[in-house]
Amino acid sequence: MNKHEPADLARLSLQDLTNLPVEAPNTPMHVGALGVLEGRAISDAEQRIRIDAIRADIEARLHLVPELRRVLRKTRPFQGHPLWVDDPGFRIENHVHRVELPPPGGEERALRFAERLMGKLMDRNHPLWQLWFLEGYGPGEVGVFLKLHHVLADGAAVLKIVSLLFDVGPGAVAPTVVAWSPAPPPAGRLLYRDNAARKIATLVRAALRLRHPVALARSAALWSVISEGFGAPRTSINRPIRSVAHAGGVKINDLVLNLIAGGLREVLVSRGESVEGVSMRASWP
């Protein structure tokens, strides 16, 4: 292998390949987090956020989350799944911003700011994250809004990224600066070779399952589950979704599942549709 060729390609996962194609202006696939910081430690005497120092501090930590410096690269036929590569034009200034909330500031203005930004799709030509520090939130306080694509992190992973990029308490030791330069993208021949190797490995695993009765039985059971998802029943639910309303601030997955299961049944019954023997499977990223 050429010394300039990466040994481990950051291919998109099957979940990534599910999330990205369905994204549209009315179906954004990014997530966001809005919080409040104690402002004195990150503001100057004029109560202005010291954005240059903040950018330098965050950039010094980006080696802990290398995905934040990567962009999506499409592949040609027979080169396999798209992959993540280092952004040769990465600049921290394009991702960490300072903005002043209009009076009177506070949670309401911060939520409006976040709502407006969450309605915009992210540019896939750049690393899929943005961070804003919101001046004028309140006396001695600074708002902070993080927006990043779901292919980088889900809700729980967002908290992990925040813990890596920010000090968790006063008196934290400044991070050690780690020199970084973008790695060159993999050559086309490497992508072809890697894709062929992955396909062969998949075939070998399939052959081993066929030879092993227990593995074969498990594969058959898995296929029976997957196959149930094909040929979904004809109901008023299975049609393009035009609008989605988030009400009640529900976030716990178990509760959402319970509401969906009961809600689907009530909707169908209210429309005079039979639910006898109807089995549905639903998923979300």
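Draft legend 1. A look at the overall build of the chain. Tallying secondary structure elements over the chain gives seven helices and seven strands in all. Beginning at the N terminus, the succession of helices and strands in the chain can be written as β-α-β-α-β-β-β-α-β-β-α-α-α-α. When the 285 residues of the chain are sorted by exposure, 28% land in the buried category. Long-range contacts, defined as pairs at least 24 residues apart, comprise 73% of the intrachain contacts of the chain with a sequence gap of at least 6.

Draft legend 2. Structural context of the confidence of the model for the chain. Of all residues in the chain, 77% attain a pLDDT of 70 or more, and the chain-wide mean is 81. Model confidence for the chain, summarised as mean pLDDT per element, is weakest for helix H6 (residues 213-227) at 57 and strongest for strand S5 (residues 96-100) at 95. The low-confidence segment residues 1-7, where pLDDT is below 50, has ten contacts with residues more than four positions distant or belonging to other chains. With pLDDT under 50 throughout, residues 240-246 is counted as low confidence; its partners more than four residues away or in other chains account for one contact.

Draft legend 3. The arrangement of the side chain of Gln79 in detail. By the secondary structure assignment, Gln79 is in the loop between strand S3 (70-73) and strand S4 (83-86). Residue class for Gln79 comes out buried when judged on its relative accessible area of 6%. Look past the residues within four positions of Gln79 in its chain and what remains in contact with it is Arg11, Gly188, Leu191, Tyr192 and Asn195.

Draft legend 4. Here's a closer look at the environment of Arg124. Mapped onto the secondary structure, Arg124 falls in the loop between helix H3 (106-118) and strand S6 (129-138). Beyond its immediate chain neighbours, meaning those up to four positions away, Arg124 contacts Leu20, Glu23 and Leu72. A distance of 2.7 Å separates a polar atom in the side chain of Arg124 from a polar atom in the side chain of Glu23.

Draft legend 5. Geometry of the environment of Val162. Looking at where Val162 falls in the secondary structure, it is placed in helix H4 (residues 155-165). Each C-alpha atom of the pair Val162 and Leu146 lies 8.7 Å from the other, and the pair is 16 residues apart in sequence.

Draft legend 6. Region of the structure containing the pairing of S5. In terms of strand pairing, S5 meets S6 through five bridges, oriented parallel. Considered in S6, the bridge of Val96 is made with Leu131. You can see the chain leave S5, run along H3 and come back into S6, and the turn it takes is right-handed.

What counts, and at which threshold
- Residues numbered from 1 in each chain as written.
- Predicted model: local features only at pLDDT ≥ 70, side-chain atom pairs only at ≥ 80, totals over all residues.
- Heavy atoms only, no water.
- Helix = DSSP H or I, 4+ residues; strand = E, 2+ residues; numbered from the N terminus.
- Buried < 20%, exposed > 50% of the residue type's maximum accessible area, 1.4 Å probe, protein only.
- Contact = heavy atoms within 4.5 Å.
- pLDDT = per-residue confidence, 0-100.
- Polar contact = N/O pair within 3.5 Å; in protein donor to acceptor, adjacent residues only side chain to side chain.
- Pairing = 2+ DSSP bridges.
- Right-handed = clockwise from strand over helix to strand, strands pointing away.

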